[in-house]
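Chain by chain, the residues run as shown.
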Amino acid sequence: MIRPLRSLSFAIYILFLAVAANAVEVHDLKGLEAIFGRYAPAGDCKRQPQILVDVTGLSFEGAGAKEKITNPEWAVSYGGAGYDGPARWIFPFRTSADVYPILMTFDDEKPGSLTIGGHEEGYAGGPPLTPRNAALVTGSPYAKCK
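Here is what the cut-offs are and how they apply
- Residues numbered from 1 in each chain as written.
- Predicted model: local features only at pLDDT ≥ 70, side-chain atom pairs only at ≥ 80, totals over all residues.
- Heavy atoms only, no water.
- Helix = DSSP H or I, 4+ residues; strand = E, 2+ residues; numbered from the N terminus.
- pLDDT = per-residue confidence, 0-100.
- Contact = heavy atoms within 4.5 Å.
- Pairing = 2+ DSSP bridges.
- Axes fitted to C-alpha atoms, helices over the stretch in contact; angles between N-to-C directions.
- Phe/Tyr/Trp six-rings, centres within 6.5 Å; stacked < 30°, edge-to-face > 60°.
- Buried < 20%, exposed > 50% of the residue type's maximum accessible area, 1.4 Å probe, protein only.
- Lys NZ or Arg CZ within 6 Å of the ring centre and 35° of its normal.
- Arc of directions from axis to C-beta.

Quick word on unusual backbone geometry
Reasoning step 1: Here the bond from Gln48 into Pro49 is cis, since omega is 5 degrees, no more than 30 degrees from zero.
Reasoning step 2: Along the polypeptide, Pro49 turns up in the loop between β2 (37-41) and β3 (50-54).
Reasoning step 3: Here the bond from Ser140 into Pro141 is cis, since omega is 10 degrees, no more than 30 degrees from zero.
Reasoning step 4: Mapped onto the elements of the fold, Pro141 is located in the loop between α2 (131-139) and β10 (142-144).
Reasoning step 5: Located in the positive-phi region is Ala42, a residue other than glycine, with phi close to 55 degrees.
Reasoning step 6: As for its position among the elements, Ala42 is in the loop between β2 and β3.
Reasoning step 7: We note that Ala63 has phi near 55 degrees; this positive angle belongs to a residue other than glycine.
Reasoning step 8: Along the chain, Ala63 falls in the loop between β4 (57-62) and β5 (65-69).

Here it is, written out as structure tokens:
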């Protein structure tokens, strides 16, 4: 007999594998020009953290630290095979264990918007968000600087 909790845990694990399988590592953001720009919490560029998106990748600035990601993973089919809306999903960080701790969602509800949420970190019963990822999630929602 299969216990329901084990079945649910297994199903969640398979879902994470499926999501990761639909993400493609990219070495530039050509084709994603609509999301280029500087993002800050609520679009207020006096606040941090800030994220700069350009053809070369993603730059994260906050608490006096800067980090440049030049090989994020674009979750091309995250919205499903029939999705043709404006949202774009990017996993900026991947751990050595192929864990995708946070998910960035661009232009989901409106152009120029960005939300960042925990993906494989920060959920009930899961591993906590690292300080960097917690700061990024706490700053959400973001908008392009005004």
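Some thoughts on the confidence of the model for the protein chain
Reasoning step 1: Of the residues in the protein chain, 85% reach a pLDDT of 70 or more, and the chain-wide mean stands at 85.
Reasoning step 2: For residues 1-21, every residue scores under 50 in pLDDT, and the model assigns this stretch 8 contacts once sequence neighbours within four places are set aside.

As for the sheet that holds strand β1 (residues 23-25)
Reasoning step 1: Here 10 strands make up an open sheet; going across it, the order is β1-β6-β7-β8-β9-β10-β2-β3-β4-β5 and the pairing antiparallel. In the strand order of this sheet, the two ends are held by β1 and β5, each with one partner. Taking each pair of neighbouring strands and ignoring which way they run, the sheet shows an average axis angle of 25 degrees.
Reasoning step 2: In this sheet, strand β6 (residues 73-75) lies alongside β1 in antiparallel orientation, the contact comprising 3 bridges. Paired with Val24 across the strands is Trp74, a residue of β6.

Quick notes on the packing of aromatic side chains
Reasoning step 1: Applying the stated criterion across every chain, the model contains 6 aromatic pairs.
Reasoning step 2: When the ring of Tyr78 is compared with that of Trp89, the centres are 5.4 Å apart and the planes differ by 45 degrees; the resulting orientation is tilted. Of the two residues, Tyr78 sits in the loop between β6 and β7 (88-91) while Trp89 sits in strand β7, which places them 11 residues apart along the sequence.
Reasoning step 3: On the basis of relative accessibility, which here comes to 10%, the residue Trp89 falls in the buried class.
Reasoning step 4: Through pairs of rings, three or more aromatic residues link up here, namely Tyr78, Tyr83, Trp89, Phe91 and Tyr100.
Reasoning step 5: When the ring centre of Phe93 is taken as reference, the NZ or CZ atom of Arg132 above it lies at 3.5 Å.

Comments concerning α2
Reasoning step 1: Taken as a whole, α2 has its buried residues at Asn133, Leu136 and Gly139. Buried residues of α2, seen end-on, are gathered within an arc of 130 degrees and therefore sit on one face of the element. Of the exposed residues in α2, those oriented more than 90 degrees away from the buried face are Pro131 and Thr138.

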